[in-house]
Amino acid sequence: MFEAIEKAIAVHNPIIIHRHTNPDGDALGSQIGLKHLILENYPGKRVYMVGDPAGRYDFMEDCVMDTVEDALYEHALAVILDTSGKGLISDNRYQLAKATARIDHHLFIEQIAQIEVTDSSFESCCGLVAAMARECGWRLTPLAAKSLFTGMVTDSGRFRYDATNARTFCLAAYLMEQPIDTNELYRNLYATDLEQMKLRARYMDKITLTEHRVAYIYTTKPELEATGADWFTISRGMVSLMNDIRGVDIWVNFTETDQGVACELRSGRYNINPIAVKYGGGGHQKASGATLKSREEAMQMLSDLDQMAEENA
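These remarks concern the structure in this document. (Residues numbered from 1 in each chain as written. Predicted model: local features only at pLDDT ≥ 70, side-chain atom pairs only at ≥ 80, totals over all residues. Heavy atoms only, no water.)

1. Quick notes on the pattern of salt bridges
Next up, step 1: Counting across every chain of the model gives 18 salt bridges.
Next up, step 2: Between Asp244 and Arg160 there is a salt bridge; the shortest N-O distance is 2.5 Å. Taken as a pair, Asp244 in the loop between helix H9 (231-238) and strand S8 (250-257) and Arg160 in the loop between helix H4 (142-155) and helix H5 (166-175) lie far apart in primary sequence, 84 residues in all.
Next up, step 3: In this structure Asp244 comes out as exposed when scored by relative accessible area, which is 59%.
Next up, step 4: Note that Arg269 is salt-bridged to Asp249, the shortest N-O span being 3.3 Å. Taken together, the residues Arg269 in the loop between strand S9 (260-267) and helix H10 (273-278) and Asp249 in the loop between H9 and S8 connect sequence positions 20 residues apart.
Next up, step 5: Residue class for Arg269 comes out exposed when judged on its relative accessible area of 52%.
Next up, step 6: With a relative accessible area of 24%, Asp249 lands in the partly exposed category.
Next up, step 7: Each member of the salt-bridge network shares a partner with another, and the members are Asp24, Arg236, Glu264 and Arg266. (Salt bridge = Lys/Arg side-chain N within 4 Å of Asp/Glu carboxyl O. Helix = DSSP H or I, 4+ residues; strand = E, 2+ residues; numbered from the N terminus. Buried < 20%, exposed > 50% of the residue type's maximum accessible area, 1.4 Å probe, protein only.)

Right, here's the structure in full:
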């Protein structure tokens, strides 16, 4: 599965690694992990990472992005990680590269690169990169292993989501042959300060149910500004509050931003991805996202989700 991208990595120099905007642990983990795998196994390669800042994942080692001039792309291989659509890529200069490749675990929406390695059966992009490292016989470094393990943990929900399988644990064990301080990792990932806990408590009180028990939260721009938090913290961070409500199989978080209404769609049982795609988004069968134009469009999406819940009742 990885022969073509392995060959591209071997013959190109420099290599510039991209991923999606507003990175999560999987996007950053695969980016950092692949960088250090290439540096370890191809001495002399120049490897760069580009994109927006790490945000709440700035505890990850070597997460600061590089400053790259346009001219560097002339002879470069651009590798895009953990991204299903062109509009989601952080830094669109990958289009300037001599060659392009993608590694991704989302449901396929469109071709992005000349070389495509996509497999939605993987729980994470980091899992795919770990599988490539093992298949190619690459030497692991502690930093590469820790970064990839972090992404596997975050995108599998601590190995809870149903994409987790025997392969997931085999690859996690492979990575853990390197020294990984899981206590430190989990402290950084899941520690919550008092103000964040109070904010989550306020958002618990905002949860509403539709007629057919689709749970949702809607945050207006004034409400967002009043929290003092950034939109991504509210959008991605608060959707998990609805994970375990008894009798709720579909839930969605709407957050008004300067770019539109950010939507995080989730389900414990159903494939909600087609609804995300209908509104210009994408992702996984049970975890997808989209950005909508207005509150009215958000309510249309909510109605579609409610209809799905009714049809599967």
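That shown, we press on.
2. Digging into helix H2 (residues 25-41)
Next up, step 1: Over its 17 residues, H2 runs 23 Å from end to end, which matches the ideal 24 Å to within 8%, given 1.5 Å per residue.
Next up, step 2: Buried residues dominate H2, accounting for 15 of its 17 residues. (Expected span 1.5 Å × (residues − 1).)

3. Some remarks on the packing of H2 against helix H3 (residues 125-136)
Next up, step 1: It is the contact of H2 with H3, at a shortest axis distance of 8 Å, that shows an interaxial angle of 20 degrees. Here H2 lies roughly parallel to H3, going by the angle between them. Of the two elements, H2 crosses H3, and the hand of that crossing is left-handed. Facing Asp26, Gly29, Ser30, Leu34 and Leu37 of H2, the residues of H3 in contact are Cys125, Cys126, Val129, Met132 and Ala133.
Next up, step 2: Here the residues of the contact of H2 with H3 sort into seven nonpolar, two polar and one charged. (Axes fitted to C-alpha atoms, helices over the stretch in contact; angles between N-to-C directions. Parallel < 35°, antiparallel > 145°, perpendicular 65-115°, else oblique. Left-handed = near helix turned anticlockwise from the far one by under 90°. Contact = heavy atoms within 4.5 Å. Nonpolar A, V, L, I, M, F, W, Y, C, P; charged D, E, K, R; others polar.)

4. Notes on the sheet that holds strand S10 (residues 282-283)
Next up, step 1: Strands sit in the order S6-S7-S8-S9-S11-S10 across an open sheet of six strands; the sheet is mixed. Single-partner strands in this sheet number two, and they are strand S6 (208-209) and S10.
Next up, step 2: Examined bridge by bridge, S6 and strand S7 (residues 214-219) share two bridges and lie antiparallel to one another. Opposite Leu209, over in S7, you have Ala215 as the bridge partner.
Next up, step 3: Against the sheet, H9 engages S7, S8 and S9, with an angle of about 175 degrees to S8. (Pairing = 2+ DSSP bridges.)

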